[in-house]
Amino acid sequence: MLERKNKILQFMSEHKYKPLVIEELISMLDVPLEDIDLFRSILDELIEEGKLFKTHKNRYCIPERMGLISGRVQGNERGYAFVVPNDKEIRDIFIPAEFLNGGMHNDKVIARINKSVIAGKRAEGEILRILKRANEALVGRFEKSNYFGFVVPDNKKISGDIFIPKDKFMGVKNDQKVIVKITKWPGKRRNPEGVITEILGYEDERGIEVKSVIKQYDIKDEFPQSVIDEVKAISPDISESDFEKRKDLRDLNMVTIDGADAKDLDDAVSLEVLPDETYRLGVHIADVSHYIKENSELDKEAFERGTSVYFVDRVIPMLPKELSNGICSLNPKINRLAFSVIMNIDKNGKVLKHDIFESIININERMTYDDVTEIIKNSDEKLLKRYDYLDNDFRNMEKLASILRKKRTRRGAIDFNFDEAKVLLDDNDKPIDVIKCNHDIANNIIEEFMLVCNETVAEHFHWMNVPFVYRIHENPEDEKIENLNKFLMKLGHKIKGNGMHPKAVQGLIEKVKGTNEERVISTIVLRSLQKARYSNVNKGHFGLSTDYYSHFTSPIRRYPDLIIHRLMKKYLSKGIKNSEIEKLNENLNKITYQCSEREKTAEEAERDIEDLKKVEFMKSKEGMVFDGIISNITSFGMFVELDNTIEGMIRLSSLTDDYYIYSEENFCLQGELTNKIYKIGDSLKVINAKSDIVNRRIDFVLDDKSIKKHKKNRK
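Quick caveat: nothing in here was measured; it's all calculated off a predicted structure. Counting starts from 1 at the beginning of each chain's written sequence and moves along it residue by residue. Where local features are concerned, this predicted model is filtered to residues with pLDDT of at least 70; where side-chain atom pairs are given and counted, the filter is 80 or more; whole-chain, interface and lining totals use all residues. Hydrogen atoms and water are omitted, and side-chain values are computed over all heavy atoms in the structure.

A. Spotlight on the overall build of the protein. From N to C terminus, the protein includes 18 helices and 33 strands. Considered along the principal axes of its C-alpha atoms, the protein spans approximately 80 × 70 × 60 Å. Only protein chains enter the accessibility calculation, which uses a 1.4 Å probe. A residue is then buried if its area is under 20% of the maximum for its type, exposed if over 50%, and partly exposed in between. Burial status across the protein gives 49% buried among its 715 residues. At a minimum sequence separation of 6, the contacts of the protein that also span at least 24 residues come to 66%. Areas reported as accessible are Shrake-Rupley estimates using a 1.4 Å probe. Residue values count occlusion only from the protein chains shown. Surface summary for the protein: the accessible area is close to 36,000 Å², and the carbon and sulfur share equals 47%. Working convention for charge: Lys and Arg count positive, Asp and Glu count negative, and His plus the chain ends are omitted. For the purpose of locating charges, the reference atoms are NZ of Lys, CZ of Arg, CG of Asp and CD of Glu. Seen as two clouds, the 117 positive and the 122 negative side-chain charges of the protein have centres 4 Å apart. Note on conventions: DSSP H or I runs of at least 4 residues are helices, E runs of at least 2 residues are strands, and numbering of each starts at the N terminus. The contact criterion used throughout is that any non-hydrogen atoms of two residues lie within 4.5 Å.

Below, the structure written as structure tokens:
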């Protein structure tokens, strides 16, 4: 199929090609009679993918040949939108509200540019055709009038309310959260119309906001009966044949190291120091592919989910808990099936040789990050007494992790120093505190061991020249580098060198480490980079500064890892025929796209829930004073980040002691009369004026002490 698609696109890309109707295409391409239906379906798929355009006169052409752009709509709560082109070489196109023509956030569309790029501003355009709708159902708050109702979407990127006819209310009450199915799509000056399909409850009811997010992002929190039935039929027993074909590593000391509340344990590590002082590192991963067969109901469900989703108050697993927490999980003192990668690593962090094979393991201990750190860092007596036989292993693990980290640093791998937040909840799921997470010695050990393992696996199969799944991170776009440097220069920094090399980014991050500017610079740099994704074409990993990277180490919670395990088994046992390559690559192309999309959805949902809980926490702190740092400045106000990572905004309208002007050149706010200046990195005392749970927004106002401090600084 992929080869046929490429042949069609290549034909239409030729300079002499003129748009043809389907009968002419069939004739020109010599399509056999028995393949005409297949040919039609291929054309339809290419249209849906945005690679072909069908004119009103039923002629087929490549959009770009007609000055059209295929892409995805990125909405904005103010009504306008952008079209993000499929072709990454083309800059996003601004779409004014009046030219959306019924397009909604995330719809796949064809757009036309009406105004070209002038003086650095984005091109403007309009949506001509909607290829695929993305929002068949939405979650929102119902508001009722005498004659009709409407639903205000939770997703602020959906700017228009959904009109609900009176006979479609389904007994819903004012201000209840609902799911609405769209029955009529929006058009010019016309809102979408829908029907209520489910009433979730009132916003202040326990769990409703979290449930709303789950529904909004179409995250499945229950498994269908067919999947449950398959799980029940899976035997946890290890057969004699498994012992015969696998290496028995049960006598090897190995441990899992995870967070204290983790239940899905999919990676274990072992370490030996050889007589020549090289390290023999073993990374042993749960063999999930043994239990989940291709095209089974379990496999189809895992593909749809793509990943486990980790919320503040719960985990929605990719696999049923009987597998994720039970049969597949590397729980201690139990025989488990695994995929092992054994690597001999020298004192400079170079992998001298490696071996990849199926194994049987038995974990000695289920360790936590905190306990391992206490053993290494503080020689905790109680823990040393309990784990004395592993003490030397842990200390050697720390040494090897340090070696591997230094090697990554030398080659230019980028490590952003973002503080991660942990929201603590009470028994009623109410937030009682927000604290920073500690990323300590044990976390570093596991991080480095998984990184080197994933690199080793990716490089091994790259050189086998077989279809595979890579984790890629493409080089940043030139335009984004240029804009980044403009921003950095306002703060007195610059990315050195032509283009952008990971080492230059690493140097900048190290330079600002520990300063008040660190978080905003790290954030802006991160936004300037491409987003890592899955692909069956290896393009290297910019952020890690490596030519080979994959995700092999978490098959319980990530579908790409499960697919990699299947591929590895296939190649290591019986190889691959040339006749299989095209079909396999085509399947992997679809799988990697789905996995990248589901990963993005999971991250957005997780962030939404975390933001919700942070605002809930601050709601109980209204009127209180906090210390913060200006993390960003815009034309409408200042963002201020507190020490616990919570961020709020001081709106320009709340600064009443002067009239402040936003200086884009100097990236600051400056008082017109007093010349008082607020800039990124300034320390402030702020009052938590209002925490709006519905809109996930925290409004700060300046405390008097901060105003006086800035007056003093001016003098």
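Don't stop here, the text continues.
B. Summary view of the sheet that holds strand S32 (residues 683-692). Taken in spatial order, the 5 strands of this closed barrel run S26-S27-S28-S33-S32, and their pairing is mixed. The sheet shows a mean angle of 50 degrees between the axes of neighbouring strands, direction not considered. In this fold helix H17 (residues 578-619) packs onto strand S26 (625-634), strand S27 (637-642), S32 and strand S33 (697-702), with an angle of close to 100 degrees to the strand it touches most, S32. Pairing between strands is defined by DSSP: at least two bridges between the two strands are required. Angles here are taken between N-to-C directions and fall from 0 to 180 degrees, while the axes themselves are lines fitted to C-alpha atoms, restricted in helices to the stretch in contact.

C. Local environment of the pattern of salt bridges. Between Lys or Arg on one side and Asp or Glu on the other, a salt bridge is scored when a side-chain nitrogen of the former is within 4 Å of a carboxyl oxygen of the latter. One pass over the full model with this rule turns up 54 salt bridges. Two residues, Lys 177 and Asp 154, come together in a salt bridge whose shortest N-O distance is 2.9 Å. Remark: Asp 154 occurs in the loop between strand S9 (148-153) and strand S10 (162-165) and Lys 177 occurs in strand S11 (residues 176-184); sequence separation between them is 23 residues. Both residues of the pair, Lys 177 and Asp 154, count as buried. Residues participating in the shared-partner salt-bridge network are Asp 242, Arg 246, Asp 287, Glu 358 and Lys 569.

D. Molecular detail of the environment of Ile 95. Looking at where Ile 95 falls in the secondary structure, it is placed in strand S5 (residues 93-95). Along the chain, Ile 95 and Arg 122 lie 27 residues apart, while their C-alpha atoms are 9.9 Å from each other. In this structure Ile 95 touches Tyr 80, Ala 81, Phe 82, Val 83, Leu 100, Gly 125, Glu 126 and Ile 127, once residues within four positions along its chain are discounted.

E. Representation of a nonpolar patch on the surface. What makes a patch is a set of residues exposed beyond 30% relative accessible area and free of salt bridges, joined within 9 Å when like-charged and within 5 Å when nonpolar (Val, Leu, Ile, Met, Phe, Trp, Tyr). On the surface, a nonpolar cluster with roughly 330 Å² of combined accessible area is contributed by Tyr 147, Phe 148 and Phe 163. Turning to its location among the elements, Phe 163 is positioned in strand S10.

F. Expanded view of helix H15 (residues 518-528). H15 sits mainly inside the fold: 8 of its 11 residues count as buried. By the burial criterion, the buried members of H15 are Glu 518, Val 520, Ile 521, Ser 522, Thr 523, Ile 524, Val 525 and Ser 528. Turning to H15, the residues buried within the fold contact helix H13 (478-490), helix H14 (502-512) and S26.

G. Here's a closer look at the packing of aromatic side chains. Two rings from Phe, Tyr or Trp (for Trp, the six-membered ring) form a pair when their centres are within 6.5 Å of each other. A pair whose planes differ by under 30 degrees is stacked, one over 60 is edge-to-face, and the rest are tilted. Under the counting rule described, the total for this entry stands at 13 aromatic pairs. With centroids separated by 6.0 Å and ring planes inclined at 85 degrees, the aromatic side chains of Tyr 80 and Phe 82 adopt a geometry described as edge-to-face. Look at Tyr 80 and you get partly exposed, because its relative accessible area is 24%. With 6.1 Å between their ring centres and 45 degrees between their planes, Phe 461 and Tyr 571 make a pair best called tilted. Here Phe 461 is found in helix H12 (residues 441-463), whereas its partner Tyr 571 is found in helix H16 (residues 559-573), with 110 residues between them in sequence. With a relative accessible area of 6%, Tyr 571 lands in the buried category. Taking NZ or CZ as reference, Arg 305 lies 3.7 Å from the ring centre of Phe 223, over its face. The rule for a charge over a ring is simple: NZ of Lys or CZ of Arg within 6 Å of the ring centre, and within 35 degrees of the ring normal. Sitting over the face of the ring of Tyr 534, Arg 471 holds its NZ or CZ atom 4.6 Å from the ring centroid.

H. View of the environment of Lys 685. With respect to the helices and strands, Lys 685 occurs in strand S32. N or O atoms closer than or at 3.5 Å make up a polar contact, with two conditions inside protein: a donor-capable atom paired with an acceptor-capable one, and, for residues adjacent in sequence, both atoms drawn from side chains. Among the polar contacts made by the side chain of Lys 685, one reaches the side chain of Asp 627 at a distance of 2.7 Å.

I. Up close: the environment of Val 288. Along the chain, Val 288 falls in the loop between strand S16 (279-286) and helix H7 (297-305). Along the sequence, Val 288 and Val 694 sit 406 residues apart, while their C-alpha atoms lie 40 Å from each other. Every residue in contact with Val 288, bar those within four places of it in the chain, is listed here: Leu 319, Cys 328, Pro 555, Ile 556 and Leu 562.

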